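Observations on chain architecture
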Amino acid sequence: MTLELTDDLARPATLTMYGAQWCGDCRRAKRVLDARGTAYVNVDLAADPTRADHAEAISGRKNIPVVVFPDGDFLVEPTDAELTAKLDDAGL
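From a predicted model like this one, the values you see are computed outputs, not experimental measurements. Every chain is numbered on its own, with residues counted from 1 as its sequence reads. Reporting in this predicted model follows two pLDDT cut-offs: at least 70 for local features of residues, and 80 or more for side-chain atom pairs to be given and counted; totals over whole chains, interfaces and linings ignore these cut-offs and use all residues. The side-chain figures draw on all heavy atoms in the structure; neither hydrogens nor water molecules are used.

**A closer look at the overall build of the protein chain**
What counts here: Strands here are runs of E lasting at least two residues and helices are runs of H or I lasting at least four, both read from the DSSP assignment and numbered beginning at the N terminus. Taken over C-alpha atoms, the radius of gyration is set against a globule rule of 2.2 Å times the number of residues to the power 0.38. Any two residues whose heavy atoms approach within 4.5 Å are treated as being in contact.
Summing up its helical and strand segments, the protein chain has 3 helices and 4 strands in all. A compact globule built from 92 residues should have a C-alpha radius of gyration of about 12 Å, and the protein chain, at 12 Å, falls within 12% of that. With respect to the three principal axes, the spread of C-alpha positions in the protein chain is 30 × 25 × 25 Å. Intrachain contacts of the protein chain at a sequence separation of at least 6 include 61% that bridge at least 24 residues.

Encoded structure:
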């Protein structure tokens, strides 16, 4: 399920993933989120390249995906295990 992006990029109301369809790590992270039924905002950087600056401002890196949690934590290129553990910790 995808939702709309909020104004607070570093502490979004809903988990937000910055990525692109061509990115294998992004597709993998989306599969984890979708399999769990986690609500998230998907920011497609290929469709809107201007948002890449948002992802870099949050993570300090150009790598994707950048997964931003409502508590302000974020993961960059997480493994399935890292993403699952953080989702569990966040109750998502």
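From this point, things continue past the structure.
**Details of the nonpolar core**
Basically, it comes down to this: Here, nonpolar core refers to any group of buried Ala, Val, Leu, Ile, Met, Phe, Trp, Tyr and Cys residues whose side-chain atoms link them within 4.5 Å. Think of it in three bands: with a 1.4 Å probe and only protein chains considered, a residue is buried below 20% of the maximum accessible area for its type, exposed above 50%, and partly exposed in between.
One finds Leu15, Tyr18, Leu33, Val66, Leu83 and Leu87 to be the most contacted residues of the largest nonpolar core, which totals 23 residues. Counting residues per element, this core draws most heavily on helix H1 (residues 24-36), which supplies 4 residues. Leaving out residues up to four positions away in the same chain, leucine 87 has contacts with Leu15, Val32, Leu33, Arg36, Thr38, Phe69 and Leu92.

**A short note on the confidence of the model for the protein chain**
Threshold: Per-residue confidence from the predictor is reported as pLDDT, a score between 0 and 100.
Chain-level pLDDT for the protein chain is 91 on average; 91% of the residues reach the 70-or-more range. Per-element confidence in the protein chain is highest for H1, whose mean pLDDT is 98, and lowest for helix H2 (residues 52-59), whose mean pLDDT is 93. Note on residues 1-6: pLDDT is under 50 here. Beyond four places in sequence and across chains, it has 18 contacts.

**Here we look at the side chain of threonine 16**
In plain terms, the rule: N or O atoms closer than or at 3.5 Å make up a polar contact, with two conditions inside protein: a donor-capable atom paired with an acceptor-capable one, and, for residues adjacent in sequence, both atoms drawn from side chains.
Here threonine 16 is to be found in strand S1 (residues 16-19). The exposure class of threonine 16 is buried, given its relative accessible area of 2%. Among the polar contacts listed, one links the side chain of threonine 16 to the backbone oxygen of threonine 14, at a separation of 2.9 Å.

**Here we look at H2**
Filter applied, for reference: Throughout, the arc means that of the directions going from the helix axis to the C-beta atoms.
Listing the buried residues of H2 in full gives Ala55, Ile58 and Ser59. Relative to the axis of H2, the buried residues are bounded by an arc of 85° and lie together on one face. Seen from the open side of H2, the exposed residues pointing more than 90 degrees away from its buried face are Asp53 and Ala57. Where the residues of H2 are buried, they touch S1, strand S3 (66-68) and strand S4 (74-76). A positive phi of about 75° marks glycine 60, the residue just after H2.

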